[in-house]
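Chain by chain, the residues:
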Amino acid sequence: MSDVLAVADHRRGELRDVSYEIITAGRQLADETGGDLHLAVISGTVDDFAEKLNRDGVDAIHTVSHGEEFNHDVYTQAIAQLYDDLAPQYVLTPNSVNGLDYAPAIANQLDLPIVTDTIDLDNDGETLVATREMYGGKVETTNELSGDAVVTIRGAEWPAAEGTGDAAIEAFEADIDEDAVGSTVNGFEEVGGGDVDISEADVLVSIGRGIEEEENLDLIRDLADALGATLSSSRPIVDNGWLPKNRQVGQSGKVVTPDVYIAIGISGAVQHVAGMKGSDTIVAINTDPNAPIMDIADYAIVDDLFDVVPELIDEFDG
Ligand SMILES: Cc1cc2nc3c(=O)[nH]c(=O)nc-3n(C[C@H](O)[C@H](O)[C@H](O)COP(=O)(O)OP(=O)(O)OC[C@H]3O[C@@H](n4cnc5c(N)ncnc54)[C@H](O)[C@@H]3O)c2cc1C
C-alpha cells in the first residue's frame, strides 16, 4: 500500500486546470498502489483553493499558507517536509513552468528518480510504467520505476476530477527557513503587445520557422489583413523576437480554438499542437507532406509558402 502526494498549481490567484487533472492522475495511481491520494496546496488563498479542489478521489488536502505566489524555495521546503511526514511513494507535480522549476529540486533533495512530462502512468503493484513522448512526439518511451519517484504530468492528458469530495482539509505547519528563501515575487508585468488576445480570434493565420527571415513576416501580415484574420505564431518566431510572446500558440504560449487556423511553415510539434488542436478547421501550408501538422489538418497545401501565400492574398484581396 503506497500513497501519492500530488501538488496543486496556481498563478495570480487562479488555480490552473492541471490542478484538477492531477487529482485524476493521482487517484488512478493511488488505486493501483492501494494507497491514499494526498493533495498539497501551497501559498496563495489556500483555504479557498482547497475547497475548490475537494473533489471526488482526494483523501486528504494539506494546505501550506506562506506567501501569495509560487516560490521555488518555499515549495521545495514544504514538499520535502510533507514527503517526510506522509511518506508517499510518488510525488506528482504538474509539468508546468512552476512544476518544472521545483520538481527536479525535490528529486535531487530527496535523492529520488524523476520522470518529467508524462502522458500515461500505469502501476502493476510493483513497477510504475511512466510514458512520455520524445523527438517532438514522434516516439513514445516507457520508463520503469520500482521505488519512490517524482513524476511530472503533462496538462490536458487526464480529465479534470469532478464531483464534490469529502477530504479532510488540514493546515500543515511547514517549517520554512526564511534565510533559505532566495527570491520574492514583487509583481507581474505583462509582456509587450498586450493589445491582441489571440485566444479570442475567429480566424488565425499562424506562422512558423518556414518564414525564414523576419522581413518575410510582412507577407503573412498581408494575408492576415486580406482575410481579416489575426496573426499568431509558433514559438521560434517569438524566441527570435520577431513577434511578442502573446502571439505564441502552444504549450508554453496560448491555447486557441478559432473557427479557422491556418498553419504556415509550422511542422506541428506536439508542444504547438497542444495549443491549437481544438480549432474547428485546420489548414496547413507546408512543403513537407509528412510534417506532423498534416495528421491533424482538415485541408493541406503541400507547397512552398512563398508561392502559395501571394496567390491567396490575390484571391482574397481581389
Ligand atoms: C517545454 C517546451 C515548450 C514548448 N512550447 C512551445 C509552444 O508553446 N509553441 C510552439 O510552437 N512550440 C513550442 N515548443 C517548441 C516546439 O518543440 C517546436 O520546436 C516548435 O513548435 C517548432 O516550430 P516550427 O513548427 O515553427 O518550426 P519547425 O519545426 O522548424 O518547422 C518548420 C516547418 O516549416 C516547413 N517549411 C520550411 N520552409 C517552408 C516553405 N518555404 N514553405 C512551406 N513550408 C516550409 C518545414 O517543412 C517545417 O515543417 C516548445 C518546446 C519545449 C521543449
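Look up a bit, the structure's there.
Conventions used here
Residues numbered from 1 in each chain as written. Predicted model: local features only at pLDDT ≥ 70, side-chain atom pairs only at ≥ 80, totals over all residues. Heavy atoms only, no water. Pairing = 2+ DSSP bridges. Helix = DSSP H or I, 4+ residues; strand = E, 2+ residues; numbered from the N terminus. Axes fitted to C-alpha atoms, helices over the stretch in contact; angles between N-to-C directions. Contact = heavy atoms within 4.5 Å. Buried < 20%, exposed > 50% of the residue type's maximum accessible area, 1.4 Å probe, protein only. Near = heavy atom within 4 Å. Polar contact = N/O pair within 3.5 Å; in protein donor to acceptor, adjacent residues only side chain to side chain. Nonpolar A, V, L, I, M, F, W, Y, C, P; charged D, E, K, R; others polar. Parallel < 35°, antiparallel > 145°, perpendicular 65-115°, else oblique. Left-handed = near helix turned anticlockwise from the far one by under 90°. Expected span 1.5 Å × (residues − 1).

1. Observations regarding the sheet that holds strand β15 (residues 281-285)
In space, the five strands of this open sheet follow the order β13-β12-β14-β15-β16, with parallel pairing throughout. For this open sheet the edge positions go to β13 (230-233) and β16 (299-301), each flanked by a neighbour on one side alone. Strand-to-strand twist of the sheet, defined as the mean angle between neighbouring strand axes without regard to direction, takes the value 20 degrees. Sheet topology places strand β12 (residues 203-207) next to strand β14 (residues 260-264); five bridges connect them, and they run parallel. Note on β14: the bridge partner recorded for Leu204 is Tyr261. On top of the sheet, helix α5 (residues 217-227) reaches β12, β13 and β14; it is set at about 170 degrees to β12, its chief contact.

2. Observations regarding the pairing of β15
Burial runs high along β15: four of the five residues are buried. Of the strand pairs in this sheet, β15 and β16 are connected by three bridges, and their pairing is parallel. Looking at β16, one finds that Ile285 is bridged to Ile301.

3. A short note on the site of the ligand
The ligand sits among 25 residues. The nearest are Ser234, Ser252, Ser267, Gln271 and Asn286. Between the ligand and Ser252 there is a distance of 2.7 Å, counted from a nitrogen atom to a side-chain nitrogen or oxygen. Between the ligand and the protein, one listed contact pairs a nitrogen atom with a backbone N or O atom of Thr287 at 3.3 Å. Among the secondary structure elements, those contributing two or more residues to the shell around the ligand are α6 (235-239), α7 (270-276) and α9 (305-317). A class-by-class count of the residues in the shell around the ligand yields six nonpolar, 14 polar and five charged.

4. Digging into the packing of helix α3 (residues 72-86) against helix α4 (residues 97-110)
Put simply, α3 and α4 touch, their axes get as near as 9 Å, and they point 45 degrees apart. By the criterion of interaxial angle, the relationship of α3 to α4 is oblique. As α3 runs across α4, the sense of the crossing is right-handed. Residue-level contacts link His72, Tyr75, Thr76, Ile79, Ala80 and Tyr83 of α3 to Asp101, Tyr102, Ala105, Ile106, Gln109 and Leu110 of α4. When the residues that make up the contact of α3 with α4 are grouped by side-chain class, the tally is eight nonpolar, three polar and one charged.

5. Some remarks on helix α1 (residues 18-33)
Across its 16 residues, α1 extends 22 Å between first and last C-alpha, which sits within 8% of the 22 Å expected from 1.5 Å per residue. Of all 16 residues that make up α1, twelve are buried, and the element is covered over most of its length. Those residues of α1 not exposed but buried are Val18, Ser19, Tyr20, Glu21, Ile22, Ile23, Ala25, Gly26, Arg27, Leu29, Ala30 and Thr33. Gly34 occupies a position one or two residues after α1 and carries a positive phi of about 70 degrees.

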